[in-house]
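The primary structure of each chain is shown beneath.
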Amino acid sequence: MTDDMAISLTNVSKVFKRYHRPVDRLKEVFLPGKHQAEDFWALKDINLGIPKGETVGIVGRNGSGKSTLLQIIAGTLQPTTGDVKVNGRVSALLELGSGFNPEFTGRQNVFFNGKILGLTQAEVESKFDEIAAFADIGDFIDEPVKTYSSGMFVRLGFAIAINVEPDILIIDEALSVGDGIFVHQCMAKIKDFQEKGGTLLFVSHDIGSVTRLCKQAYWLKTGSIFQQDTAAEVGKSYQAWMLDTINVNTKRKQKRKATLSGVRVAASAEKTGADEPNKNGDFARKENQNLFTNKPFLNFSNAKRAGSGRCEISHIEVLDSNRNRISFVMPSDEITIHIKATAHDFIESPMVGVQMFDRLRTAIVGWNTFQYDYPLPSLNPKQQIIVEFKMQWPSISGGSYILEPAIADGSQHSNETLDWVFANFKIEAGVHGLAFGIMKVEEVQVTSIIQDG
């Protein structure tokens, strides 16, 4: 491991024993030659290297091995096989309440954790006031932590983790239970930690936070690294896979329910292949083919996509007030986002929308026809629908923005994603001053529904 590396894992695997019955543990003690447990490999052959000063995200479903990986890096778990090297002091905010003695007060736990991290009594005393002020839990600092709420646990845990001057900071989903003001304070503190050259390992189901904070990301699936790329690319692939998985599960539930009631339904969304990734690690599509029609998509051949494919986005463009196509806007410009979708199946309640992201793929704003109370008519196979969102571009920060169109069947609260085109249309924005505005659609309309062939 070179001096410029903060974390290095080589062929790391971790196995746990799973017993079907509690008595099987006892049998294994008295009958050592007979195994009563089933091996569960939480991690399998993990290889990764994180340079000093990098911020790396880790995503994956519950049970994919994320927490096990972080505990091994933090040193609270030992790998079954493989080599782990960590260069620097590690401070970790893992699952709720980890590292705390519930019988100790908050004050006692501050000193307890500080000594575990290698600080002297004098060093912890010098940092205590800063930790207590950041946690902001008042007199509860002198109460046993077993009386704390989940939010108080996180406040104290993060205050300790970030203020002991670690070289490597590990955060595992803990901030998801904090209130908005506290999370904002934490993000500001994390930014300061990054600017000082700290190494951050960040786990979250919030893809926006991962792409905003991290340059690189790993996607863990069933204990293995499934994809390693920029945070934006991993975020798109993971989000696409999640949408397809939701579609498959929804259709399966509908199919089971209909079978019980004696009604036959089509399970077209089960053709998405959400459980069968292609060789490039892209769950959304295989070789740009719509798996509902078994034909190539009509447009956007290089874009990642998600959805069942029963209807697809076939066109998007931004128009100025004279109906000219544009890719650059200035504040106060009147623009129209023009989206066309083509149906391959009967779509009962279509809903068309568009999401806008910044260059780090942080979601800025989104609009859809359901949100603006603009119900769309049902679509028959081979029909095309054109939906337009008209608005005035506000005085937001200049730079590059991405527009991602999508169509679903249902409502905003319950729907089947039919097609979502990821990172397709880029628009450059100029800026007057530094004012920030609100992007609000002024008009939504269907300009036409036509029969294709």
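Computed from a predicted structure; not experimentally measured.

Notes on the packing of helix H3 (residues 106-116) against helix H4 (residues 121-135)
Consideration 1: The contact between H3 and H4 brings their axes to 10 Å, and the two run at 130 degrees. In this view, H3 runs oblique relative to H4, as classed from their interaxial angle. The way H3 lies across H4 gives a crossing that is right-handed. Of H4, the residues touching H3 (which contributes Arg107, Val110, Phe111, Gly114 and Lys115) are Gln121, Val124, Glu125, Phe128 and Ile131.
Consideration 2: Among the residues forming the contact of H3 with H4, the class breakdown is five nonpolar, two polar and three charged.

Some details on the confidence of the model for the protein
Consideration 1: With 83% of its residues at a pLDDT of 70 or more, the protein has an overall mean of 82.
Consideration 2: Between the elements of the protein, mean pLDDT differs from a low of 68, seen in helix H1 (residues 23-30), to a high of 94, seen in strand S4 (residues 81-86).

With respect to the side chain of Thr55
Consideration 1: Examined against the element boundaries, Thr55 turns out to sit in strand S3 (residues 55-59).
Consideration 2: Engagement of the side chain of Thr55 in a polar contact is seen with the side chain of Gln194, the distance being 2.7 Å.

Section: the sheet that holds strand S16 (residues 334-343)
Consideration 1: If you walk across this open sheet you meet the five strands as S14-S13-S16-S19-S23, and the pairing is antiparallel. Strand pairing shows two members of the sheet lacking a second neighbour, strand S14 (325-326) and strand S23 (441-451), which therefore form its edges.
Consideration 2: Pairing analysis gives two bridges linking strand S13 (residues 311-319) to S14, with the strands arranged antiparallel. Note on S14: the bridge partner recorded for Leu319 is Arg325.

Structural notes on H4
Consideration 1: If you check H4, its first and last C-alpha atoms are 20 Å apart, about what 15 residues at 1.5 Å a residue would give, namely 21 Å.
Consideration 2: At Lys127, H4 shows its largest bend, some 45 degrees.
Consideration 3: Among all positions in H4, only Val124, Lys127, Phe128, Ile131, Phe134 and Ala135 are buried.

Definitions and cut-offs
Residues numbered from 1 in each chain as written. Predicted model: local features only at pLDDT ≥ 70, side-chain atom pairs only at ≥ 80, totals over all residues. Heavy atoms only, no water. Axes fitted to C-alpha atoms, helices over the stretch in contact; angles between N-to-C directions. Helix = DSSP H or I, 4+ residues; strand = E, 2+ residues; numbered from the N terminus. Parallel < 35°, antiparallel > 145°, perpendicular 65-115°, else oblique. Left-handed = near helix turned anticlockwise from the far one by under 90°. Contact = heavy atoms within 4.5 Å. Nonpolar A, V, L, I, M, F, W, Y, C, P; charged D, E, K, R; others polar. pLDDT = per-residue confidence, 0-100. Polar contact = N/O pair within 3.5 Å; in protein donor to acceptor, adjacent residues only side chain to side chain. Pairing = 2+ DSSP bridges. Expected span 1.5 Å × (residues − 1). Bend = angle between axes of the 7 residues up to and from the residue. Buried < 20%, exposed > 50% of the residue type's maximum accessible area, 1.4 Å probe, protein only.

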